[in-house]
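Letter by letter, the chains look like this.
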Amino acid sequence: MPVDADGPAARSRRRGSQTAIPCLFMRGGTSRGPFFDERALPADVTTRDAVLLAALGSPDQRQIDGIGGAHPLTSKLGIVRPGTRPGIDVEWTFGQAQPGGTTVDVTANCGNMLAAVLPFAIETAMVVPSGDRTTARVLTRNTGMVAEIAVRTPAGPDGQRYVEYAGAARIDGVPGGAAPIEIGFLDTAGSVAGALLPTGNVRDTVEIPGLGPVDVTLIDNGQPLVIVEAARLGRTGYEPPAEIDGDDDLKDEVEALRLVCGEAMGLGDVTDKNYPKMTLVAPPQRGGSLSTRSLIPRVAHQSIGVLAAVTAATACVLDGSVAHDVATGLVGTEPTVSVEHPSGEFSVTLGLDSSDPPRVVRSALLRTARLLMSGDVLVPASRWTPRTKEQFA
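The paragraphs below set out a description of the structure included in this document. (Residues numbered from 1 in each chain as written. Predicted model: local features only at pLDDT ≥ 70, side-chain atom pairs only at ≥ 80, totals over all residues. Heavy atoms only, no water.)

### Side note on the overall build of the chain
Each helix and strand in the chain was counted, giving seven helices and 17 strands. Against the compact-globule benchmark of 21 Å for 393 residues, the chain has a radius of gyration of 21 Å, which places it among compact chains. Along the first, second and third principal axes, the C-alpha set of the chain runs to 60 × 45 × 35 Å. Counting over 393 residues, the chain shows a buried share of 56%. For the chain, restricting intrachain contacts to residue pairs at least 6 apart in sequence, the fraction spanning at least 24 positions comes to 63%. Accessible surface, the chain: about 15,800 Å² in total, of which carbon and sulfur atoms supply 50%. (Helix = DSSP H or I, 4+ residues; strand = E, 2+ residues; numbered from the N terminus. Rg over C-alpha atoms; globule rule 2.2 N^0.38 Å. Buried < 20%, exposed > 50% of the residue type's maximum accessible area, 1.4 Å probe, protein only. Contact = heavy atoms within 4.5 Å. Areas by Shrake-Rupley, 256 points an atom, 1.4 Å probe, with all protein chains shown as cover.)

### Re the pairing of strand 8 (residues 181-185)
Across the five residues that make up strand 8, a large majority, four, are buried. In the sheet, strand 7 (residues 145-152) pairs with strand 8 via four bridges, with the strands oriented antiparallel. Each residue of the ladder has a partner; that of Ala-147, found in strand 8, is Phe-185. (Pairing = 2+ DSSP bridges.)

### Some details on the state of the cysteines
What the rule picks out here adds up to zero disulfides. With no disulfide of its own, Cys-110 lies closest to Cys-23 among cysteine sulfurs, the gap being 17 Å. Free of any disulfide, Cys-261 has its nearest neighbouring cysteine sulfur in Cys-316, separated by 18 Å. (Disulfide = S-S within 2.5 Å.)

### Some remarks on the environment of Gly-68
Note that Gly-68 resides in the loop between helix 1 (45-56) and strand 4 (76-82). With relative accessibility at 15%, the residue Gly-68 sits in the buried group. Linking Gly-68 and Ala-54, residues 14 residues apart in sequence, is a C-alpha distance of 9.6 Å. Once residues within four sequence positions are removed from consideration, Gly-68 is found in contact with Leu-56, Gln-63 and Thr-74.

### A short note on the pattern of salt bridges
Enumeration over the complete set of coordinates arrives at 17 salt bridges. For the salt bridge of Arg-48 with Asp-49, the shortest nitrogen-to-oxygen distance reads 3.0 Å. The partner of Arg-62 in a salt bridge is Asp-60, and the shortest N-O contact between them spans 3.9 Å. Judged by relative accessible area, Arg-62 falls into the exposed class, the value being 55%. Residue classification places Asp-60 among the partly exposed positions, given a relative accessible area of 27%. (Salt bridge = Lys/Arg side-chain N within 4 Å of Asp/Glu carboxyl O.)

### Description of the nonpolar core
Ranked by internal contacts, the top residues of the largest apolar core, which has 62 residues, are Phe-35, Trp-92, Leu-114, Ile-149, Ile-183 and Phe-185. Examining the composition of this core, we find that nine residues originate from one element, helix 6 (residues 306-316), more than from any other. In this structure, Val-216, Leu-267, Met-278 and Leu-295 belong to the second largest nonpolar core, which totals 25 residues. (Core = buried A, V, L, I, M, F, W, Y, C linked by side-chain atoms within 4.5 Å.)

### Focus: the side chain of His-341
Topologically, His-341 is positioned in strand 14 (residues 336-341). A relative accessible area of 1% means that His-341 is categorised as buried. Of the polar contacts made by the side chain of His-341, one reaches the backbone nitrogen of Glu-345; its length is 3.4 Å. Here His-341 is in contact with Asp-172, Arg-286, Thr-292, Arg-293, Ser-303, Ile-304 and Phe-346, once residues within four sequence places are set aside. (Polar contact = N/O pair within 3.5 Å; in protein donor to acceptor, adjacent residues only side chain to side chain.)

### A short note on the packing of aromatic side chains
All chains considered together, the criterion is met by three aromatic pairs. Taking 6.3 Å as the distance between ring centres and 15° as the angle between the ring planes, the aromatic pair formed by Phe-35 and Trp-92 counts as stacked. Of the two residues, Phe-35 is situated in strand 3 (residues 31-37) and Trp-92 in strand 5 (residues 90-96); the sequence distance between them amounts to 57 residues. Accessibility expressed as a relative area gives 0% for Trp-92, which makes it buried. Taking 5.9 Å as the distance between ring centres and 35° as the angle between the ring planes, the aromatic pair formed by Phe-35 and Phe-120 counts as tilted. Of this pair, Phe-35 sits in strand 3 while Phe-120 sits in helix 3 (residues 117-123), and the two are 85 residues apart along the sequence. Comparing Phe-35 with Phe-120, the two get one shared label, buried. Here the aromatic residues Phe-35, Trp-92, Phe-94 and Phe-120 are joined through ring pairs into a cluster of three or more. (Phe/Tyr/Trp six-rings, centres within 6.5 Å; stacked < 30°, edge-to-face > 60°.)

Structure follows, in structure tokens:
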């Protein structure tokens, strides 16, 4: 259950010429980054973002003066607060920075980092576990998406319950095993683009300079995606990420396609946006349903994002989509779609509306998370010096 939303939060404080901000550094799925109690950050968004960029070390590509990992997958962060509305236990804002960037994008979402939100809330006493399994409803403020998340919370020798991180659950892209975290997405259609199929079509043909007409599926079931058959771009769809990152011709073609499709999806000029993500698809190679290669949006993903996997899986069950054309083995009203990616596979179970089978009403998946470090991140006091409690309101 949630604790009082007006209860005390850990406070940021001056420490010499720097400001110390409490945070937990966590892995969520195949991503990682710092998580903050919103009440310990500046209330002013501009100041807040300057502080977050300083914490990560952006805009230096190496992020050498911060705790970012010099890659988009490790330039992420979470801002968490107790729920403020009925039926919601925890609310969070996902932040995506780029190593060389100067902004924090809070318009998209991240299902991998989402896996660490409930563990963070329990570690910081926003949620108090009351049994061996603690379930909470988490609102992603970026998009309004609600997920029901369950984690293991056994009792220790002192009787106090804690988040269990150890276990045998494995997810491709993360070494070793960990305790499972179950995530059920309740309604993710149109998270950013406003509709599952922003153009109203399961397949569109767009004209791209230098490429000519290209068939795509433009879809958003938690993450806006442009799905294109890899063969149409002269690739197999099985290339390793490093090969994609070194293929300037392919990246130029994909970016040209992304800009046109962003406009078609009603997202406007996406030149400086982190979405839509680009997904190249091909027939499965390893017994799954579909093979994918993702760009996020200009760097090849080492695996695939959680919500990108959910969205790609959804496209597989839509007759006539680009993904459906190459997918295999999809049967029943609750199909499990095995999405192959460079690091392995990602299984998503879809619940279809029995009266309208192509409509996906829920999706369920398993992730893991781990608390990596607890303490303060230090940023120059010139970026922000907290002075009054009102700054934390």
